[in-house]
Amino acid sequence: MASGGLHVTPLGDALGAEVCGLDFSKPLTSHERDFLRRAWTDHLVIVARGAQELSADAQIDFCKTFGEIGGRARPVEARHEPAGAPADVMYVSNKRVGGRIIGSIPDGEMEFHIDQSYTERPARGTSLYAIEVPDEGGDTMFGNLYLAYESLPDDLRRAVEGRGALNVYGHGGYGIQSRSANDMGAATRKHVHPIVCTHPDSGRKTLFVNRLMTASVEGLPPDESDDLLFRLFDHQEQEAFRYTHKWRQSDLLLWDNRCTVHARTDFDPSKTRHLRRFSIQGHVMN
Ligand code: SIN
């Protein structure tokens, strides 16, 4: 896709595209915004590489192309952003100032998840801007949930049709979770979404579950629920549906949270990884 100095280059077969030709030194034009919306709908994850020194305001302006900036996604007690940081910002960061980490989800691997899937209105999309990243590791992997749904074997498709699943905050930290009853009891925020949702822009169906936060399938005994969920997770996370983003400084990335899952690979905790994140307000998933 190309238009008036802008063009899009797919980053793989499954999802992801680089958008070239944007000028972030001034507010985006309506032509650029239309182009970005189209690229986002088509490719689910869009990246602008080397997006100059992008201010928080410029990142907010970019995000507003796709919807309203979301409220504080994380409970206040889970926030570490320094005083004076924009109200809706979250730093995904292990950076320390005065010995204190100034961001959230600082170190380590993260399992595949959908942001805020434990709420009634999960984020529509999420944007990350790389301020400082390690030379290796700390990649963000994305999975295409349209392809996951469309390629479901018949028995799985029948098993999920018309069913809901409970999504829970905090029952596994953000690392590799244990799906135990105690973890469920400690959870504070939870919401049931249909397992199969329809994306309002594309009209395509999406397999809306994720390993980190989806805890159980409504109406099934625990063993059956676990079996079904683990088959769904293994199916949706397969390599053929993925794009892995290897961060470079100044990368600006936005994913559609309604039709993708994402995860993070491990990295050396002695290296700084500092990204600025804004979420875009979502809606009830149907
Ligand atoms: C996130 O899940 O929002 C963070 C992903 C990452 O750190 O790569």
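As the structure is a computational prediction, the values presented were derived from the model and not from experiment. (Residues numbered from 1 in each chain as written. Predicted model: local features only at pLDDT ≥ 70, side-chain atom pairs only at ≥ 80, totals over all residues. Heavy atoms only, no water.)

A. A look at the domain arrangement of the protein. When cut into domains, the protein gives domain 1 (2-143 + 239-280) and domain 2 (145-236). Here domain 1 meets domain 2 over a buried area of about 2600 Å², counting both sides, of which 64% is carbon and sulfur. Summed over the three residues of domain 1 that lose the most area to domain 2, namely Glu111, Tyr118 and Phe241, the buried surface amounts to 31% of that side. The tally of links between domain 1 and domain 2 comes to one salt bridge. Across the pair Arg258 and Asp201 runs a salt bridge whose closest N-O atoms are separated by 3.5 Å. Inspection of the domain 1/domain 2 interface yields eleven residue pairs in polar contact (both at pLDDT 80 or more). For the side of domain 1 that touches domain 2, the secondary-structure elements that each account for two or more residues are β8 (110-113) and β18 (260-264). The dominant element in the side of domain 1 that touches domain 2, judged by the number of residues it contributes, is β8, at four residues. In terms of residue class, the side of domain 1 that touches domain 2 is made up of 15 nonpolar, six polar and eight charged. (Domains from an automatic or database assignment. Buried area = accessible area lost by both parts, 1.4 Å probe. Salt bridge = Lys/Arg side-chain N within 4 Å of Asp/Glu carboxyl O. Polar contact = N/O pair within 3.5 Å; in protein donor to acceptor, adjacent residues only side chain to side chain. Helix = DSSP H or I, 4+ residues; strand = E, 2+ residues; numbered from the N terminus. Nonpolar A, V, L, I, M, F, W, Y, C, P; charged D, E, K, R; others polar.)

B. Highlighting the nonpolar core. Residues Phe24, Ile46 and Phe62 are the most contacted members of the largest nonpolar core, which totals 29 residues. Breaking this core down by element, the ones donating at least two residues are β2 (6-10), β3 (17-20), α1 (30-43), β4 (45-48), α2 (56-63), β17 (252-256) and β19 (274-280). In terms of residue count, the dominant contributor to this core is α2 (five residues). Not counting residues up to four positions away in its chain, the partners in contact with Ile46 are Ala17, Val19, Leu36, Ala39, Trp40, Phe62, Phe66, Leu252, Leu253 and Leu254. One finds Met141, Leu207, Val209 and Phe241 within the second-largest nonpolar core, a separate group that totals 26 residues. (Core = buried A, V, L, I, M, F, W, Y, C linked by side-chain atoms within 4.5 Å. Buried < 20%, exposed > 50% of the residue type's maximum accessible area, 1.4 Å probe, protein only. Contact = heavy atoms within 4.5 Å.)

C. Region of the structure containing the pairing of β3. Burial along β3 is one-sided: the residues Ala17 and Val19 are buried and none of Glu18 and Cys20 is. Strand direction decides the pairing type here: β2 and β3, joined by four bridges, are antiparallel. Across the sheet, residue His7 finds its bridge partner in β3, namely Cys20. The turn joining β2 and β3, which pair antiparallel and follow one another in sequence, is formed by six residues; a positive phi near 100° is taken by Gly16. Direction of pairing for β3 relative to β4: parallel, over a ladder of two bridges. Bridging from a neighbouring strand, Glu18 pairs with Val47 of β4. Considered for its hand, the β-α-β crossover made up of β3, α1 and β4 is right-handed. (Pairing = 2+ DSSP bridges. Right-handed = clockwise from strand over helix to strand, strands pointing away.)

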